[in-house]
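Structural description and commentary
Here are the chains, one letter per residue:
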Amino acid sequence: MLNDDQITKAAADIHAAETHRRQRRALTLEHPDMSIDDAYAVQARWMEIKRAEGRELKGYKIGLTSRAMQTAMHIDEPDYGTLLDDMFFANGAELEAAAFTDPRIEVELAFVLKHRLAGANVTVADVMAATDYVAPALELIAARTCRVDPDNGYVRRIQDTIADNAASAGVLMAEQSFSPDSVDLRWCGALLYRNGVVEETGLAAGVLDHPANGIAWIARRFAPHGIALEPGQVLLSGSFTRPVPARPGDAFRADYGDLGTIDCRFK
């Protein structure tokens, strides 16, 4: 396990990588025995740094929800990251690509809560009952640690991703929203266009067979720590497409049909 000084240094290093817009080497190169719990401790310490700078907690994201991604990362459960207030961008935003390290776009659904969710036995039905509304969402991910080390080809591990706040960097949501029981969420689909070309398509059932399963998982994950999901929080349930790289000049549109659209552009 990492000691407290190592956790503090790792969090500070990732914070510096984001601040200076320069990726750093994977933490597991320096700490090959780093555990999942260590990784979450680094993430939590990094979020403490950000909140000390004035940021506010707005919710959480769930990642690695597809079976294919879990197999590739040699894990059997999702991961989570923290959403802060400065990570939210308006639909139609123009974003500076250089402000993010290795930016990519993923297609998601966002759940916004009206009731508190807590406990080790939270179910999909509980999530649906606690949800105020669901909205189409895009997650902007940006790896602060190198996915592949440029010097030795080392591929970062799940511990590196978790410590890196599950690579989360931004959220865009459609203005249009809907009640969670007004549609079959498993069959919510989207087309992701980059510069007018369809790059990805997917159905929300790709997220653990039902996107609310991701929300239930994080509530159960937090239960032993006495942490609840609170009313008003935004919860990204997990991507149902592969991430698409965002380059300067790229224009993205996510088309969810009758459920809404999201647009953004990178300069």
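Below is a short write-up of the structure.

This part is about the overall build of the protein. On a plain count of helices and strands, the protein comes out with seven helices and 13 strands. A compact globule built from 267 residues would reach a C-alpha radius of gyration of about 18 Å, and the protein, at 18 Å, matches this within 12%. For the C-alpha atoms alone, the extent of the protein along its principal axes is close to 50 × 45 × 35 Å. Scored against the burial criterion, the 267 residues of the protein give a buried share of 51%.

Read from one edge to the other, the open sheet built from five strands follows the order S4-S13-S12-S8-S9, with strand pairing classed as mixed. On the outer flanks of this sheet lie strand S4 (94–95) and strand S9 (197–203), each paired with one strand and no other. With six bridges joining them, strand S8 (residues 189–194) and S9 adopt antiparallel strand pairing. Bridging from a neighbouring strand, Tyr 193 pairs with Val 198 of S9.

Most of strand S2 (residues 79–84) sits inside the fold, with six of its six residues counted as buried. With six bridges connecting them, strand S1 (residues 57–63) and S2 associate as antiparallel partners. Opposite Gly 59, over in S2, you have Leu 83 as the bridge partner.

Okay, the pattern of salt bridges next. Oppositely charged side chains can form a pair if their charged atoms are brought close together. According to the stated counting rule, one finds 22 salt bridges in the structure shown. Residue Lys 50 is joined to Glu 18 by a salt bridge in which the shortest nitrogen-to-oxygen separation is 2.6 Å. Of this pair, Lys 50 sits in helix H3 (residues 36–52) while Glu 18 sits in helix H1 (residues 4–19); the two residues are 32 residues apart in sequence, bridging distant segments of the chain. Residues Glu 18 and Arg 144 are paired through a salt bridge, measuring 3.3 Å at the closest nitrogen-oxygen approach. Of this pair, Glu 18 sits in helix H1 while Arg 144 is found in the loop between strand S6 (131–142) and helix H6 (158–163), placing the two residues 126 residues apart along the sequence.

To continue, consider H1. With 16 residues, H1 extends 22 Å from end C-alpha to end C-alpha; this agrees with the ideal 22 Å at 1.5 Å per step. Regarding H1, the residues found buried are Ile 7, Ala 10, Ala 11, Ile 14, His 15 and Ala 17. Looking down the long axis of H1, one finds its buried residues gathered within 160 degrees of arc, a one-sided arrangement. In this structure, the buried side of H1 is in contact with helix H2 (27–30), H3 and H6. Between a side-chain oxygen at the N-terminus of H1 and the backbone nitrogen of Asp 5 the separation is 3.1 Å; the capping residue is Asn 3. Backbone geometry just after H1 places Arg 21 at a positive phi near 60 degrees.

Turning our attention to the packing of aromatic side chains. Applying the stated criterion to the full structure yields six aromatic pairs. With centroids separated by 4.3 Å and ring planes inclined at 15 degrees, the aromatic side chains of Tyr 40 and Tyr 80 adopt a geometry described as stacked. With a gap of 40 residues between them, Tyr 40 in helix H3 and Tyr 80 in strand S2 connect regions that are remote in the sequence. With 4.9 Å between their ring centres and 70 degrees between their planes, Tyr 60 and Phe 222 make a pair best called edge-to-face. Here the residue Tyr 60 occupies a position in strand S1, and Phe 222 occupies one in helix H7 (residues 211–222), the gap between them amounting to 162 residues. An identical accessibility class is assigned to Tyr 60 and Phe 222; each is buried. Pairwise contacts between aromatic rings join Tyr 40, Tyr 60, Tyr 80, Trp 217 and Phe 222 into one cluster.

This paragraph deals with the nonpolar core. By size, the foremost hydrophobic cluster in this structure holds 76 residues, and its most contacted members are Val 42, Leu 109, Phe 111, Leu 138, Leu 229, Tyr 256 and Phe 266. Setting aside anything within four residues of it in sequence, one finds Phe 111 in contact with Val 127, Thr 131, Tyr 133, Val 134, Leu 185, Pro 211, Ala 212, Ile 215, Gln 233, Val 234, Leu 235 and Ser 237.

Here Thr 101 is to be found in the loop between S4 and strand S5 (103–113). In contact with Thr 101, not counting residues within four places along its chain, are Ala 17, Arg 21, Arg 22, Gln 23, Ala 142, Ala 143 and Arg 144.

Although it is not a glycine, Asp 102 sits at a positive phi angle of roughly 55 degrees. Structurally, Asp 102 can be placed in the loop between S4 and S5.

Attention shifts here to the packing of H1 against H3. When two helices pack together, their arrangement is captured by the angle between the axes and the distance separating the axes. It is at 8 Å that the axes of H1 and H3 come closest, and there the two elements cross at 60 degrees. Our classification of the angle between H1 and H3 gives oblique. H1 and H3 meet at a crossing whose hand is right-handed. Of the residues in H3, those touching H1 at Asp 4, Ile 7, Thr 8, Ala 10, Ala 11, Ala 12, Ile 14, His 15 and Glu 18 are Ala 41, Val 42, Arg 45, Trp 46, Ile 49 and Lys 50. Here the contact of H1 with H3 is built from residues that sort into nine nonpolar, two polar and four charged.

Rules of the game
- Residues numbered from 1 in each chain as written.
- Predicted model: local features only at pLDDT ≥ 70, side-chain atom pairs only at ≥ 80, totals over all residues.
- Heavy atoms only, no water.
- Helix = DSSP H or I, 4+ residues; strand = E, 2+ residues; numbered from the N terminus.
- Rg over C-alpha atoms; globule rule 2.2 N^0.38 Å.
- Buried < 20%, exposed > 50% of the residue type's maximum accessible area, 1.4 Å probe, protein only.
- Pairing = 2+ DSSP bridges.
- Salt bridge = Lys/Arg side-chain N within 4 Å of Asp/Glu carboxyl O.
- Expected span 1.5 Å × (residues − 1).
- Arc of directions from axis to C-beta.
- Contact = heavy atoms within 4.5 Å.
- Polar contact = N/O pair within 3.5 Å; in protein donor to acceptor, adjacent residues only side chain to side chain.
- Phe/Tyr/Trp six-rings, centres within 6.5 Å; stacked < 30°, edge-to-face > 60°.
- Core = buried A, V, L, I, M, F, W, Y, C linked by side-chain atoms within 4.5 Å.
- Axes fitted to C-alpha atoms, helices over the stretch in contact; angles between N-to-C directions.
- Parallel < 35°, antiparallel > 145°, perpendicular 65-115°, else oblique.
- Left-handed = near helix turned anticlockwise from the far one by under 90°.
- Nonpolar A, V, L, I, M, F, W, Y, C, P; charged D, E, K, R; others polar.

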